[in-house]
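# Residue-level structural notes
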Amino acid sequence: MRLRTLLLASVFALAACGSPEAATTGAPADQPGGVNITANQNRIRAQKVDAIAALVPADIRTRGTLVVGTTGNGTPPLSFRADDDKTVIGVEPDLAQLVADVLGLKLDLQASSWENLFLSVENRQFDAGFSNITVTEERKDKYDFATYRKDTIAFEVKNEKTTAVKEAKDIAGLTVGVGAGTNQEQILLRWDQQNKAAGLAPVKFQYYQATSDYYLALQSGRIDAYVGPNPTSAYHVAVEGKTKIVGTVSGGGTIPADIAAMTKKDNGFVKALQQALDTVIKNGQYAEVLKRWNLASEALPASEVNPRGLPRK
């Protein structure tokens, strides 16, 4: 097993707030946290629903495959490489598989960079994107969305810290690691502006290239807190045991935010995606997938088409 895969496995092995429970995946006993990170995923599967499959645009139906883009380069448990350092696994591929099954299509999963994912959906190289994509009003100009998870971000600190984060004033004066260009950065920037307007100490922002870099900075004390997607942080907390989550907020801050499957706007596909997702939500297979990756806390009761997104910048 290559060093990179070992790092991913150790940093991310469970993904829920609170007390994690081992995923019931039939994973080998020596897998981190009981989570199967092998190429043989034994994914939960669904049955084709003819009425929903009939909603798929003719060109996709004729082709017989559902081409899904996902960023598979290191964000467990969302989408990451298995221990063969090649096969893309995680909750996003699992949900894409369920949707493909309901639509009667063979899943063709394509690993992509974040930037190329949007371009490839727009030019229809990918039929859909499943990659922890938050619905925003700006993105709705070019894409349609079918929701499938709550968007939640987490504040992670070393175990010995007494910090608790519930609102803007709680981060005043802290050195915080956060990904550039992310929704969580936007929340922190707004909070920082509120704090400075109230005469509180500003936040010092630190940016690194990879999640592992943030965790090294956190452990060494170069940052007071790391702010990232809740699944990623909770995965790390459960496995490493050296840090803790001290607060969570919606990915939209004060506005509820949703994660969704993304397809090209007005291409006639979003209704099929939404109904496929709604089907597996109602029949329980969706819950099985979330439980497998310990993401039950982010479950939605139903899938929606193009709900209110995060506001324009």
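Residues numbered from 1 in each chain as written. Predicted model: local features only at pLDDT ≥ 70, side-chain atom pairs only at ≥ 80, totals over all residues. Heavy atoms only, no water.

### Observations regarding the overall build of the protein
Tallying secondary structure elements over the protein gives ten helices and twelve strands in all. For the protein, the residues scored as buried account for 53% of the 313 residues in total. Long-range contacts, defined as pairs at least 24 residues apart, comprise 76% of the intrachain contacts of the protein with a sequence gap of at least 6. Working note: accessible area of the protein is about 13400 Å², and carbon and sulfur atoms make up 50% of it. (Helix = DSSP H or I, 4+ residues; strand = E, 2+ residues; numbered from the N terminus. Buried < 20%, exposed > 50% of the residue type's maximum accessible area, 1.4 Å probe, protein only. Contact = heavy atoms within 4.5 Å. Areas by Shrake-Rupley, 256 points an atom, 1.4 Å probe, with all protein chains shown as cover.)

### Points about the packing of aromatic side chains
Under the definition given, this model contains eight aromatic pairs. Between Phe-80 and Trp-293, the aromatic rings sit 6.0 Å apart at their centres with planes inclined by 85 degrees, giving edge-to-face as the arrangement. In this pair, Phe-80 is assigned in strand β2 (residues 80–81) and Trp-293 in the segment after α10 (285–292), connecting sequence segments 213 residues apart. The exposure class of Trp-293 is buried, given its relative accessible area of 1%. A centroid spacing of 5.4 Å and a plane angle of 20 degrees characterise the contact between Phe-130 and Tyr-148, whose relative ring orientation is stacked. Highlighted residues: Phe-130 in the loop between β5 (128–129) and β6 (143–150) and Tyr-148 in strand β6, separated in sequence by 18 residues. The two residues Phe-130 and Tyr-148 agree in class, both being buried. Three or more aromatic residues link up through ring pairs in this structure, and these residues are Tyr-208, Tyr-214, Tyr-215 and Tyr-226. (Phe/Tyr/Trp six-rings, centres within 6.5 Å; stacked < 30°, edge-to-face > 60°.)

### Let's talk about the packing of helix α4 (residues 91–102) against α10
Where α4 meets α10, the closest approach of the two axes is 10 Å, and the angle between their N-to-C directions is 165 degrees. In terms of axis orientation, α4 runs roughly antiparallel to α10. You can see that α4 and α10 cross each other, and the crossing is right-handed. Facing Val-91, Asp-94, Leu-95 and Leu-98 of α4, the residues of α10 in contact are Gln-285, Tyr-286, Val-289, Leu-290 and Arg-292. Looking at the contact of α4 with α10, its residues break down into six nonpolar, one polar and two charged. (Axes fitted to C-alpha atoms, helices over the stretch in contact; angles between N-to-C directions. Parallel < 35°, antiparallel > 145°, perpendicular 65-115°, else oblique. Left-handed = near helix turned anticlockwise from the far one by under 90°. Nonpolar A, V, L, I, M, F, W, Y, C, P; charged D, E, K, R; others polar.)

### Some points on the side chain of Asp-127
Relative to the assigned elements, Asp-127 resides in the loop between α5 (114–122) and β5. In this view, Asp-127 contacts Ile-60, Arg-63, Thr-65, Leu-66, Val-67, Met-262, Thr-263 and Phe-269; residues no more than four positions away in its chain are not counted.

### Some details on the pattern of salt bridges
Going through the model one piece at a time under the given rule, you end up with 18 salt bridges. Here Lys-140 makes a salt bridge to Glu-137, at a shortest N to O gap of 3.0 Å. Residues Lys-169 and Glu-167 are paired through a salt bridge, measuring 3.7 Å at the closest nitrogen-oxygen approach. Assessed through its relative accessible area of 41%, Glu-167 is described here as partly exposed. Beyond isolated ion pairs, a larger network of salt bridges with shared partners links Arg-43, Asp-94 and Arg-292. (Salt bridge = Lys/Arg side-chain N within 4 Å of Asp/Glu carboxyl O.)

### Considering α10
For α10, every residue scored as buried is listed here: Gln-285, Tyr-286, Val-289, Leu-290 and Arg-292. Looking straight down α10, one finds its buried side chains confined to an arc of 160 degrees; they lie on one side. On its buried side, α10 packs onto α4, β6 and α9 (270–283). Trailing α10 by a residue or two, Asn-294 shows a phi angle of about 55 degrees, which is positive. (Arc of directions from axis to C-beta.)

### Structural notes on the side chain of Gln-41
Examined against the element boundaries, Gln-41 turns out to sit in the loop between α1 (3–11) and α2 (50–53). One polar contact links the side chain of Gln-41 to the main-chain carbonyl oxygen of Thr-38, over a distance of 2.7 Å. Ignoring any residue separated from it by four or fewer positions in sequence, one finds Gln-41 in contact with Asn-36, Ile-89, Arg-292 and Trp-293. (Polar contact = N/O pair within 3.5 Å; in protein donor to acceptor, adjacent residues only side chain to side chain.)

### Things to note about the sheet that holds strand β7 (residues 152–158)
A sheet is described by the order of its strands in space; here five strands give the open sequence β9-β8-β10-β7-β11, paired in mixed fashion. Only two strands of the sheet have a single neighbouring strand rather than two, namely β9 (204–206) and β11 (243–250). Strand-to-strand twist in this sheet, taken as the mean axis angle between neighbours without regard to direction, amounts to 30 degrees. (Pairing = 2+ DSSP bridges.)

### Focus: the environment of Leu-200
For Leu-200, the location among the structural elements is in the loop between α6 (183–197) and β9. Spatially, the C-alpha atoms of Leu-200 and Ile-171 are 9.7 Å apart, while their sequence positions differ by 29 residues. Once you skip the residues sitting within four places of it in the chain, Leu-200 turns out to touch Lys-169, Ala-172 and Asn-195.

### Observations regarding the pairing of strand β8 (residues 175–178)
Alternating positions in β8 separate into two faces, Thr-175 and Gly-177 on one and Val-176 and Val-178 on the other, with burial throughout. The parallel pair β8 and β9, bridged by α6, forms a crossover whose chirality is right-handed. Pairing of β8 with strand β10 (residues 225–229), which is carried by three bridges, proceeds in the parallel orientation. For Val-176, the partnering residue across the bridge sits in β10 and is Ala-225. (Right-handed = clockwise from strand over helix to strand, strands pointing away.)

### Some details on unusual backbone geometry
With a phi angle near 50 degrees, Asn-42 is a residue other than glycine that sits in the positive phi range. Tracing the backbone through its elements, the reader meets Asn-42 in the loop between α1 and α2. Unlike most non-glycine residues, Asn-306 shows phi in positive territory, near 45 degrees. Mapped onto the fold, Asn-306 is located in the segment after α10. The exposure class of Asn-306 is partly exposed, given its relative accessible area of 23%.

Shape descriptors only; they carry no functional weight alone.
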